[in-house]
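Descriptive analysis of the structure
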Amino acid sequence: MGNRFNRSRRNPLAATLVIAAGLLFSGGGYAVATNVVATTAATEYTAEQISEGRKLFLANCASCHGLNSEGTAAGPSLIGVGAASVDFQVGTGRMPGQGSGPQLPKKKVQFTDEQISLMGAYIASLAPGPAIPDQKYLEATGDATHGGELFRINCAMCHNAVGAAGALTEGKYAPNLDGVEAKHVYEAMLIGPQNMPVFNDANITPQDKNDIITYLAYIEENPSAGGFELGSLGPVAEGLFIWIFGLGLIVAITVWLGAKSN
Amino acid sequence: MAGKDLEKGLEAEGFEHDFESGLAVIPPDKIKDPGLEPHRVRMTDKVPSKAKNAEIQVAAMFLVSVLGSFFALWAYVAFPITEDLSTVRANNLFLGLGMTLSLFGIGIGAVHWAKTLMPDFEVTEARHQTRGSEDVRAAAVEIVKLADSESGFSRRKLIRRTLYGALALFPLPALIVFGDLGPPVGNTLRQTMWKAGTRLTKDPTGIPIKAADVTLGSVFHVIPEGLAEMHHHKLEEKAKAAVLLVRLPQEDLKEAPEKTSWSYDGIVAYSKICTHVGCPVALYEQQTHHLLCPCHQSTFDVTEHCKVVFGPASRPLPQLPISVDAEGYLIAQSDFLEPVGPSFWER
Amino acid sequence: MTTTVETKKQGGALAATANYLDERVGVGGILKNFGRKVFPDHWSFMLGEVALYSFVILLISGTFLTFFYQPAMTEVIYDGAYVPLKGAQMSIAYASSLDISFEIRGGMLMRQAHHWSALLFVAAAGLHMLRVFFTGAFRKPREINWLVGFMLFILGMAAGFTGYSLPDDLLSGNGLRIIDGMIKGIPVIGTTTSSFLFGGEFPGTEIVARLYGLHILLVPALILIFIAIHLFMVIIHKHTHYSGPGRTDENVVGYPLMPVYVAKAGGFFFIVFGVVMAISATFTINPIWNYGPYDPSPVSAGTQPDWYIGWLDGALRLAPSNLDVSIFGYTYPFGVLIPLVGSLVFLGLVAVYPFVEAWVTGDKREHHVLDRPRNAPVRTAIGAAGVTFYGVLWAAASTDLIAVFFQMSLNHVLTVMQIMLIAGPVAAYMITKRTCLALQRKDREIVLHGRETGRIVRLPHGEYIEVHEPLDKFEMYKLVDFKDYRPTVVRPNKYGKITVGTRLRAALSRVYFEDRIAPVTQTELNEAQSHDHSPAVSAPAAQDQLTK
C-alpha cells in the first residue's frame, strides 16, 4: 500500500467520481435495456409548465388516458411517450380522440401551440421519451436523393411514392403527407403513431429523417413538369381519365361528325 | 328451310346462292321497305350567304391551324429548358398547345367542310355476295384439280408423306437456337445470400443492426452484409435476400417449438418477398402485427409465423433464423430453410 | 407499221402526275374502283378509326422516342436536372427516360403523347369491339375479321405492357416481378420459362433490351399486319349499316369516299391527334421520377398496372387464400393458376362467340344490316354479363384505392368484389335481357299505335283521348326491320339418333329465342290502324289539326 492509494482514498472528489461513473453506466445501461430512444434535444421544462400542462391533461385527456396517464380501456398509457407524441397527436388534431373507428383521423386542432407545449411538458415529466426535434433537422437542407431512397424503402409502401396516401387493412390508412409540417413528419417517424411503425434514431438517424423531410419538401414545392398530376395516384387515375374525358370527348366529337348538318 | 336474302330474292345482282337461314322466321307479310328517305335540304344549300359563312368558318379553322403551327415553332425556341423544372412544364404546355391547335384546326375545318358544303345526298352501292359465283368456283376447282394431277400430289403417297414430315420438322432447329436465352435454373431458387453468421444490415446503407436498436414497434428493412457493396448480381441477390425485422413482446409470439430458437428476445426476421407473386411485403401494422403486401393485399400475421390471414397468398413467409454475435449485432444462423418467394413446380 | 396515239396535253402539273402514276402503277383503276366507295355514316362506326389513329400517333411519337431511349440495364449515376435523383444509382434505361422527360425539348410531350395514346388505343379498340358485338357485326361473313380484331386487342395489351416496362422504374418493375411470379407458378415449364425470359434470375440484365425488341419491332409489325388484314376485309365485305329505309343486306347506303369520307375520316385523324396532344400538354402520365429506379425492396402503395392489364391484376387479387396444392412432391399454386387459366378461358369465349351463335341459329346467310342491341336480347344480355365480369375484375385492381378514398375497409371491398364477380354477371344478364324485351315491346307499341304526344283532347261526345302521333313510314321501317328467330325442336338425325350436339343446340336455341318479340307485320299494322281510327280522328286533316 503506497501513497497513491492513500491519496485517492482521501480525495474528496473520488466518491463523486465513482458515483458519477456508476450513474453513467447504470443510466446508459438502463437506456439500452429498456430501449429508450435517444432524444435529439434535451428540453428543460419548468415546474410551472409541467403543472399547467397537468391541468390541461386532467381537463382534456384523463377521461381516456387515466388520471395519472396510466391508461384505461379507452386509451393507452402515456408514460414514456414523450413530448414528441403530444406535439404530434394534439398538434395535428388527432387528439383529443373522438368516436370509435379503425383509425383516429386528423381533424381541427383544438389547442394553441402554447397549450400543446405545456401538455408536452407534463407528459415528458412522467418518464423519459421522444422529445420535440431540433429545428436544424426540420429545415429542407438535407440530401433529397438520400431522403427519396429512404422514403421509398421505408415509407412509400404505406404512404405512396410521393406521399399521396395508401390503404392498410380493416379500414386503416396511411394519410396524405401534403401540407404536413416538417416537425410532425419527424415526430411521426420517431413515435410511430397508431399502426405506423416506430422509426427510431438507430434505424433512421436524425440526419436521415432530415433527408426525408427535404425530399418531401421538394415534392410539395415542385409540381410535376408534365402537367396536372391527377392526384399522383398512378395508372388507375390515368385510366379513368382517358376513358371518361379522353374517349368521352372523342365520342362526343364523333356524334357531331356523324350528325347531319342543319 | 332455305331463306332468301330479303324480298329482293334471287333477283339481287350477284346474290345467286341460296343460303340456309336456320332458325330465322321470315314472315310473308313483312312491312315493305319504303326506300331511302327524301333528302332534307341544308341551310347552306338553300341560302348562298349561309354557304359563304360556312366557307369562311372552314377557312378560319385552317387559319387557326396555321397560327397553331407557328406558335408551336415559336414556343419550342421561346421556352428553353434549364435546370429549373418549371421550364420543362412551360415548354411542354406551350409546345403542346401549339401542336393541338395546329392539328385541331385542320380536323375541325375538314369535318365542317364535309358536313356543310359537300353534297349530303345519300348514295347507294350494291353489294356482291362474297361467295363466288358457280362458274368462278368451278373454274377454281378445275385449277386445283389440274395442279394436283400435274404434280401428282394426291397420287404420290411417298412424296406427300415425306414432305409432311420434312415441313413438320424444319422449324424445330430454328426454335432450338433459343435454348441459351437463359441458364438452367439449378439451385438458384433455393439459395439466398444468407449464411451462418451473416450480419443483418439496413437497406440501403448496409450498416449492421444491433439487437438493442430494434425497439418494440420498430420495423427494419434488411439486407445481408455485403450486398450494399456488390457491383454485379446485386439486385438478383436482393430479390431473394430482402428481409423484414420486427420486435414483438415475447409473450405475443406463438412460436412452433422447433422454431423458438429462430427469434431473439422477441425480434423476428421474415423474408420480405411475398409468397404470392413476389412483390415486397413491406407494410407493417405495428398494433395488429400484420404484414400487408401492397400489390394484391396478402396479409400475414407476425405473431403466428407469418401465416396467411387474408388475400391470395398461399404459404406463410419463410422465417430467417437469427441470433446475435459477440458485439450484439444481429446475425443469421443460416440461410432460409425453404425457398423464398412465389411457389413453383419443383418446390 | 406502228400506230401512234396522239394525246392532247390537258390540265397542268396535276394531270401530268396522274398520268405518270397511271402509266406505272395503274392509279386510274384504283381511283375508279375505290374513289366512290360508299361508307355509312354513324358515329359508332368511328371507334375503330380512333384506335387506328391512336396507333399512328404511337408510331410517330414512338419513333421520336427511339432516338433518345437506351434499352440497357447497366448501372450509372444520375447527374441530370431532377434533384431528388441526383447522385442516385440507376439503369441506363431509366436515366435515358429521365433525360427524355427533363433534358430534351418536346421530350416530355412526346413521351406523354406516346403513353396517353397507348391508353386510348386499347380503350378505343375495346369500345369498338363492344360495338361490333352488340350490333352483331361479327356475323357471316365477318367472323374471321372478329378474330383478327381480337388478336389486335391482345397485341395492343402486349405492346402496352412491354412499353411501360421499358423505363425500368419501380412501378413497372414490380409489374415484371408479378409476371415473373405468375410464370414461375406454371407447372413443369414455369421456372425454366422465367429463366429464359429474364436471362437468369430475376431481374437480370437482359429483360429491358428483350422487351424493347418486342415492343418496337415484333409487336408493331404484327399489329400492322393484322390492321392490314382487318381493313382489307372491310373493303371486300364493305361496311355494315344499321337498319333503316332503303338499307338492305344487298346494298350499302352512305356517302362516297371521295370527297366526303376523305374529309371526314381524314379530318377525324387530326382531331384525335389534337385531343391526344391537348391531354399530353396538360396532364402528367406515368411520372417515373416519382417512383424511382427499380429495386426489389421498395414498393409504392397503389401499385397497379396500366388500365388494360387491370383486369388480370384484379383477378389475382380476388383469388382466395392458401390455394397451393402439393401432388407427388410437385406444387400447383392454384391461387395464381386459377386467375391465369380463368383469364385465358374468358378470352377464348370472347374469341369463339361468333361461331357459337352461328351454330345455334344455323343462319348461313350474309348479314350486312346491323342489329339494334335490343333486338337480340340474349346476345346483348350475354355481352352485358361479360362486360360486368370484366368490369368487376378491372375494379378489383384498385381495391386499395377504393378503400382509401371511400374510407372503407380494404377487406370488405375485396369480399364484396368476390361476390360481385359471380353475382354481378348473373344479375346483369337477367336485367339486360328483360330490359331489351321491354324496349322491344315499347317499339311495337309505337309502331302499332304511334307516339304518345301527351296531349289530352276531349272529343265532342265527351270522351277523353290522348293523341298519338303515328310514325311516318321511314321511322316505322327502322323499328320493324330486324331478324327474328324461333327455337328449334329436337329431331333425330338420318340414323334415327338424337345426338348430344342436337340436344345442346336445341337447348341453347331455347335459351336464345324462347322469349322473343316478333317484328310488327303488315297485317298487324293494318289491324291496329283500323282499331285506332274512330270517325272523329280518322280524317288526316283532323289528325293534323290535333297535332299542330
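How each quantity is defined
- Residues numbered from 1 in each chain as written.
- Chains lettered and ligands numbered in written order.
- Predicted model: local features only at pLDDT ≥ 70, side-chain atom pairs only at ≥ 80, totals over all residues.
- Heavy atoms only, no water.
- Helix = DSSP H or I, 4+ residues; strand = E, 2+ residues; numbered from the N terminus.
- Contact = heavy atoms within 4.5 Å.
- Areas by Shrake-Rupley, 256 points an atom, 1.4 Å probe, with all protein chains shown as cover.
- Lys, Arg positive; Asp, Glu negative; His and termini not counted.
- Charge placed at Lys NZ, Arg CZ, Asp CG, Glu CD.
- Axes fitted to C-alpha atoms, helices over the stretch in contact; angles between N-to-C directions.
- Parallel < 35°, antiparallel > 145°, perpendicular 65-115°, else oblique.
- Left-handed = near helix turned anticlockwise from the far one by under 90°.
- Buried area = accessible area lost by both parts, 1.4 Å probe.
- Salt bridge = Lys/Arg side-chain N within 4 Å of Asp/Glu carboxyl O.
- Polar contact = N/O pair within 3.5 Å; in protein donor to acceptor, adjacent residues only side chain to side chain.
- Nonpolar A, V, L, I, M, F, W, Y, C, P; charged D, E, K, R; others polar.
- Pairing = 2+ DSSP bridges.
- Buried < 20%, exposed > 50% of the residue type's maximum accessible area, 1.4 Å probe, protein only.
- pLDDT = per-residue confidence, 0-100.

Quick look at the overall build of chain C
- Of regular secondary structure, chain C possesses 21 helices and ten strands.
- Projected onto its principal axes, the C-alpha coordinates of chain C cover approximately 95 × 85 × 60 Å.
- Counted over contacts in chain C with a minimum sequence separation of 6, partners at least 24 positions apart contribute 75%.
- Accessible surface computed for chain C: about 23800 Å², of which carbon and sulfur atoms make up 67%.
- One finds the centroid of the 45 positive side-chain charges in chain C at a distance of 8 Å from the centroid of its 42 negative side-chain charges.

Quick look at the packing of helix α6 (residues 143-164) of chain C against helix α9 (residues 207-237) of chain C
Residue and element names in this part refer to chain C.
- With their axes 9 Å apart at the nearest point, α6 and α9 run at an angle of 160° to one another. Of the possible angle classes, the one that applies to α6 and α9 is roughly antiparallel. Classified by chirality, the crossing of α9 by α6 is left-handed. Contact with α6, carried on its side by Ile144, Asn145, Val148, Gly149, Met151, Leu152, Leu155, Gly156, Ala159, Thr162 and Gly163, involves Leu211, Leu214, His215, Val219, Leu222, Ile223, Phe226, Ile227, Ile229, His230, Met233 and Val234 of α9 and no other residues of that element.

Thoughts on the interface of chain B and chain A
- Contacts between chain B and chain A engage 39 residues on the former and 38 residues on the latter.
- Summed over both sides, the interface of chain B with chain A buries roughly 3200 Å², with 56% coming from carbon and sulfur.
- On the chain B side of the interface with chain A, the three residues burying the most area are B:Arg89, B:Lys115 and B:Glu285, jointly 19% of the side's total.
- Remark: the boundary between chain B and chain A carries two salt bridges.
- Of the charged contacts in the structure, one is a salt bridge between B:Glu285 and A:Lys172, with a shortest N-O distance of 3.1 Å.
- For the interface between chain B and chain A, the tally reads 20 residue pairs in polar contact (both at pLDDT 80 or more).

Points about the interface of chain B and chain C
- With 105 residues of chain B in contact, the opposing surface of chain C contributes 133 residues.
- Roughly 9900 Å² is buried in total at the junction of chain B and chain C, and carbon and sulfur atoms are behind 61% of that figure.
- The tally of links between chain B and chain C comes to eight salt bridges.
- A salt bridge links C:Lys37 to B:Glu125; the shortest N-O distance between them is 3.6 Å.
- Linking chain B to chain C there are 48 residue pairs in polar contact (both at pLDDT 80 or more).
- Residue contributions to the side of chain B that touches chain C peak at 19 residues, all from helix α3 (residues 85-116) of chain B.
- Split into classes, the residues belonging to the side of chain B that touches chain C amount to 56 nonpolar, 24 polar and 25 charged.
- Relative to strand β5 (residues 251-256) of chain C, strand β3 (residues 123-126) of chain B runs antiparallel, the two being bridged by four bridges. Bridge pairing links B:Thr124 to C:Val253 in β5(C).

Side note on the pairing of strand β7 (residues 267-271) of chain B
Residue and element names in this part refer to chain B.
- Of all five residues in β7, five are buried; the element is thus mostly enclosed.
- Neither face of β7 is left uncovered, since the one carrying Ile267, Ala269 and Ser271 and the one carrying Val268 and Tyr270 both have all their residues buried.
- Examined bridge by bridge, strand β6 (residues 243-247) and β7 share five bridges and lie antiparallel to one another. Bridge pairing in β7 places Arg247 opposite Ile267.
- In the sheet, β7 pairs with strand β12 (residues 319-320) via two bridges, with the strands oriented antiparallel. From the neighbouring strand, Tyr270 faces β12, where its bridge partner is Gln319.

Quick notes on the confidence of the model for chain A
Residue and element names in this part refer to chain A.
- Of all residues in chain A, 84% attain a pLDDT of 70 or more, and the chain-wide mean is 86.
- Of the regions scoring below 50 in pLDDT, residues 1-9 engages in one contact with residues more than four places distant in sequence or in other chains.
- Here residues 27-41 is modelled with pLDDT under 50, and outside its nearest four sequence neighbours on either side it reaches 25 contacts, counting other chains as well.

Quick look at the sheet that holds strand β8 (residues 283-285) of chain B
All names here are of chain B.
- One open sheet accounts for four strands, arranged β8-β9-β10-β11; its pairing is antiparallel. Both edges of this open sheet fall to β8 and β11 (307-310), since each of them pairs with a single strand only. In this sheet, neighbouring strand axes are inclined to one another by 35° on average, regardless of whether the strands run parallel or antiparallel.

Re the environment of B:Glu338
Residue and element names in this part refer to chain B.
- Looking at the element boundaries, Glu338 is found in the segment after β14 (330-332).
- Overall, Glu338 belongs to the partly exposed group, its relative accessible area being 30%.
- Ignoring any residue separated from it by four or fewer positions in sequence, one finds Glu338 in contact with Pro318 and Arg347.

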